[in-house]
There are 2 protein chains.
Amino acid sequence: MTFAGNHDPDDLHDESLHERHRDPFAVVRPSSTSEVSALLRWAFSHEIPVTPRGSGTGLSGGALPVNGGLVISFDQMRDVVRIDANDHVAVVQAGITLSELNERLEGTGLHYPVYPGELSGSLGGNVNTNAGGMRAVRHGVTRHHVLGLEIVLMDGTIVRTGGPVVKSSSGYDLTQLIIGSEGTLAVVTEVTLKLSPVFDHRATLLVPFRELDAIAQIVPTLISSGLAPSLLEYLDVLTMTSLTRSTDLQLGVSPDIAEITAAYLVIVLETRTAEQLETDVAEAAELVGAAGALDVYVLEGAKAQQLIEARERAFWVAKAAGANDIIDVVVPRSSVPKFLDEVASLAASHGAFVAGCGHIGDGNVHMSVFQSDDDQREAFLLELFALGVNLGGAISGEHGLGLDKRRAYLALSDPVHIELQRGI
Amino acid sequence: MTFAGNHDPDDLHDESLHERHRDPFAVVRPSSTSEVSALLRWAFSHEIPVTPRGSGTGLSGGALPVNGGLVISFDQMRDVVRIDANDHVAVVQAGITLSELNERLEGTGLHYPVYPGELSGSLGGNVNTNAGGMRAVRHGVTRHHVLGLEIVLMDGTIVRTGGPVVKSSSGYDLTQLIIGSEGTLAVVTEVTLKLSPVFDHRATLLVPFRELDAIAQIVPTLISSGLAPSLLEYLDVLTMTSLTRSTDLQLGVSPDIAEITAAYLVIVLETRTAEQLETDVAEAAELVGAAGALDVYVLEGAKAQQLIEARERAFWVAKAAGANDIIDVVVPRSSVPKFLDEVASLAASHGAFVAGCGHIGDGNVHMSVFQSDDDQREAFLLELFALGVNLGGAISGEHGLGLDKRRAYLALSDPVHIELQRGI
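Residues numbered from 1 in each chain as written. Chains lettered and ligands numbered in written order. Predicted model: local features only at pLDDT ≥ 70, side-chain atom pairs only at ≥ 80, totals over all residues. Heavy atoms only, no water.

Turning to the overall build of chain A, a few remarks are in order. Helices and strands together make up the secondary structure of chain A, namely 15 helices and 18 strands. Put simply, chain A has 424 residues, and 60% of those count as buried. In chain A, the share of contacts with a sequence separation of at least 24, taken over all contacts with a separation of at least 6, comes to 75%. Counting only carbon and sulfur atoms, one obtains 49% of the accessible surface of chain A, whose full area is about 16300 Å². (Helix = DSSP H or I, 4+ residues; strand = E, 2+ residues; numbered from the N terminus. Buried < 20%, exposed > 50% of the residue type's maximum accessible area, 1.4 Å probe, protein only. Contact = heavy atoms within 4.5 Å. Areas by Shrake-Rupley, 256 points an atom, 1.4 Å probe, with all protein chains shown as cover.)

Here you go:
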């Protein structure tokens, strides 16, 4: 166990956009579950708050230390405990990053399909926020791929939940209760994951539209078709322009098309055979064509990869461009056009400016918010979240509440929910 | 609301195999959530135990009344509240059966893909047991398709959890906590479901093997292949023989093959195009051939349907044959052969006889247990469950614990788990 008494506060940020001055009591880097247990037992008996910390890629302040609290960093706990190739199961320590896990799975024909975009994120962090991401439209979210956990309760008790089986109907599902609980119930030390087969054939379609509405309207058709796209993203023209400029990405969209484009739909299809890919690409092209697509660009290998990587970087680009906040809201798929329309009016009335992209197949919209006045911005966001909730959605589809959205969540939720959760 | 003061006790059985004499205080049939709320408030204030009841198809005694308790039957609450075709969401009352829901979805191109086998089961019951079934190998279990719930707490408070969105990362996931909780935390009155597209092309392969081990060994290969079978079932030769005899099913297996067959693998493939189906059937046949299949029968439409229906009836056939208990255990996929071997030895030492079939793609084994002596049988089952748990599995993959498996669960579980659950 490493004890970083003389910690560097710069190491303790996350990727959310607010400045926060927080001074933890200490940062410790345990290397085993029993060390985590000892730390929690000690902190519990001294009533010292504890914040578990993965790789600090969160956007909601969930990994930030509490003043005077103990930070448990998981950067010394990133081993793969085992891979059961026959059961399609991997057991990993909570600190491992998605890219480290991917590396270890290379050559097995299997992968962990959840893809929150930030591959340096830790599995423990993914579990705590129930991370979703770009591939959720086909594969679902973290919750659907975690079979079991090892957790440490606040008093130091070590508990295993679930296990390497894909079904259980035996008692309350403690695994599911912990997933998405943002470290408030227990500290996750080990995760048992379900792996999925990798598909060898892939095509990436870039489809410009004159209106975002048309994109929202074609999404249910694409999903009903059974094409099962593994990625279904939209980028408004502002986001796309910042991305291509900041990364020098040449996508080959003709200038006269680009000029009249309001938003782009990106579709990734993955199949088992080359023939099926060809059939599927043709059908997808036909469907978007019938829905008013201005053109369909099938991107070649490297270009496709660059576009997805650029999409991953959308957040960094917005940050560099001076965005004051970055949020994710989820609404029913069919309500996305209405939601975006009303957000635009709201933004105008609060002097804010919003650029967007997101997982449109899931109704999960990411927005970069530009409004440097804190009070104005907070008022705007509260109305924006209320709008999402009124449309049947939720304040966060995948980033979690953290410290940032706590106030909005408390204001907008059924008090009975809050009571029930406090009870737990 | 119907009040059945003069209830017929025969109406209150479930499909588990134990005789139980239970005399409820009353059976009521509310027709709305507010009536359910009023009932619970009343029962709560009078400290009367309540048992919610769907259609009584459970196998673990979960819907059986408590002596002197109140039974809330959901047979007057089976409406479809709405279907959002664009969002691929259906909202239904808890009493609706799977077959009623299927009927309502006909022609939409969408279905609710969870298929526990017993189509007269209610959605509320499915939620309470986290029902799995034959299609789980591709589509997952109930938990993966429920987006939200309306529940009534024991004191009558009505709460909505989740909603018509496929992702959320906002507070504890109360929906997931309720799923699988068998009515012990709240009464489910309404369920918001995620629907999936129907695939138009389907083939059913019946594959005899000389040894069950070979079936267990080919399963990971079939799943890794990306063929994504929607059904992957095994039936041992005893189960298959009882099925074909009791239903007069002619599957066309040649007598000399049937004679040396120990178990059958059933594979269903569903694809979007006819061409893909042809390719996939050929690949599946090649894979099972290489794994020692004695032959591969591709069943035609009606025959295929009959086989699946017969498989659904496996339980009824076992019941008719005089089985004394029917259980479901889940173990890691690769441990199925070891599990079945050891179960056979255990059975012999307890004078019991076991016939089996099940969802081998999920390691979920269903067994008909023949041993009429209650004490002997209970001793055998406790050892059998312990074996499953020791292999990393769970006592029930999908039926739930109910009253029947409560004792085994309490004996075999980590006391900390039991404490945590009592805390909730």
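With that settled, consider the pairing of strand 17 (residues 353-359) of chain B. Residues and elements named next belong to chain B. Among the seven residues that make up strand 17, six are buried, leaving the element largely enclosed by the rest of the structure. Summarising the sheet, strand 13 (residues 231-236) and strand 17 pair through two bridges and their orientation is antiparallel. Considered in strand 17, the bridge of Leu235 is made with Cys357. Pairing of strand 17 with strand 18 (residues 364-370) involves seven bridges; the strand directions are antiparallel. In the strand pairing of strand 18, Cys357 is matched with His366. The hairpin formed by strand 17 and strand 18 contains four residues between the paired strands, and Gly363 there has a positive phi angle of roughly 65°. (Pairing = 2+ DSSP bridges.)

Moving on to helix 10 (residues 301-312) of chain A. All names here are of chain A. Spanning 12 residues, helix 10 covers 17 Å between terminal C-alpha atoms, matching the ideal 16 Å at 1.5 Å per step. Of all the residues in helix 10, the buried ones are Ala304, Leu307, Ile308, Ala310 and Arg311. The buried side chains of helix 10 occupy one side of the element, clustering within an arc of 160° when seen end-on. Turned more than 90 degrees off the buried face of helix 10, the exposed positions are Gly301 and Ala302. (Expected span 1.5 Å × (residues − 1). Arc of directions from axis to C-beta.)

With that settled, the discussion passes to the pattern of salt bridges. Here the structure, examined in full by the defined rule, presents 24 salt bridges over all chains. Put simply, Glu150(B) and Arg160(B) hold a salt bridge, and the shortest N to O gap is 3.1 Å. Linking Glu150(B) in strand 8 (residues 146-153) with Arg160(B) in strand 9 (residues 158-162), this pair joins segments that are 10 residues apart in sequence. Linked through salt bridges whose partners overlap, the residues forming this network are Glu150(A), Arg160(A) and Glu190(A). (Salt bridge = Lys/Arg side-chain N within 4 Å of Asp/Glu carboxyl O.)

What follows is about the sheet that holds strand 17 (residues 353-359) of chain A. Hydrogen bonds between backbone groups are what pair the strands of a sheet, and the pairing can be parallel or antiparallel. Residues and elements named next belong to chain A. Here we have seven strands laid out as an open sheet, ordered 15-12-14-13-17-18-16, and antiparallel in their pairing. Each edge of the open sheet carries a strand with a single partner, namely strand 15 (297-299) and strand 16 (325-330). Going across the sheet, the axis of each strand differs from the next one's by a mean of 20°, ignoring polarity. Two elements, strand 12 (residues 201-209) and strand 15, share three bridges in a ladder whose sense is antiparallel. Considered in strand 15, the bridge of Leu205 is made with Val298. Against the sheet, helix 7 (residues 237-247) engages strand 12, strand 13 (231-236), strand 14 (263-271) and strand 17, with an angle of about 90° to strand 13. Those strands touched by helix 13 (residues 374-390) are strand 16, strand 17 and strand 18 (364-370), and its axis lies near 15° from that of strand 16. (Axes fitted to C-alpha atoms, helices over the stretch in contact; angles between N-to-C directions.)

On to the environment of His350(B), then. Tracing the backbone through its elements, the reader meets His350(B) in the loop between helix 12 (336-349) and strand 17. Residues His350(B) and Phe339(B), 11 residues apart in the sequence, show an inter-C-alpha distance of 16 Å.

Residues and elements named next belong to chain B. One open sheet holds the five strands; their spatial order is 5-6-10-8-9, and the pairing between them is antiparallel. Each end of this open sheet is capped by a strand with a single partner; those strands are strand 5 (80-84) and strand 9. For this sheet the average axis-to-axis angle between neighbouring strands, irrespective of direction, equals 15°. This element, helix 1 (residues 33-45), spans strand 8, strand 9 and strand 10 (186-194) of the sheet and lies at about 40° to strand 8.

Once chain A has been moved 0.0 Å along the axis and rotated by 180°, it coincides with chain B to within an RMSD of 0.0 Å. Taken together, the turn and the small shift mark the pair as related by a two-fold rotation axis. Of the interface residues in chain A, 100% have counterparts in chain B that sit at the interface too, so the contact is made through matching surfaces. (Least-squares fit on C-alpha atoms with pLDDT ≥ 70 in both.)

Once that is clear, we can look at the interface of chain A and chain B. The interface of chain A with chain B comprises 73 residues on the first partner and 73 residues on the second. Taken together, both faces of the contact between chain A and chain B bury some 6000 Å²; the carbon and sulfur share is 56%. Connecting chain A to chain B are six salt bridges. At the boundary of chain A with chain B, the tally comes to 16 residue pairs in polar contact (both at pLDDT 80 or more). Listing elements by their share of the side of chain A that touches chain B, those giving two or more residues are strand 9 (158-162), helix 5 (174-178), helix 6 (212-224), helix 9 (274-290) and helix 15 (415-423) of chain A. Of the residues contributing to the side of chain A that touches chain B, the split by class is 27 nonpolar, 34 polar and 12 charged. (Buried area = accessible area lost by both parts, 1.4 Å probe. Polar contact = N/O pair within 3.5 Å; in protein donor to acceptor, adjacent residues only side chain to side chain. Nonpolar A, V, L, I, M, F, W, Y, C, P; charged D, E, K, R; others polar.)

All names here are of chain A. The topology assignment puts Leu299 in strand 15. Measuring from C-alpha to C-alpha, the distance between Leu299 and Glu270 comes to 14 Å, with 29 residues separating the pair along the chain. Leu299 has contacts with Thr204, Leu206, Leu251, Ala304 and Leu307, leaving out every residue within four places of it along the chain.

What follows deals with the environment of Gly117(A). Tracing the sequence through the fold places Gly117(A) in the loop between strand 7 (110-111) and helix 3 (123-129). Residues Gly117(A) and Glu312(A), spaced 195 residues apart in sequence, show a C-alpha to C-alpha distance of 5.1 Å.

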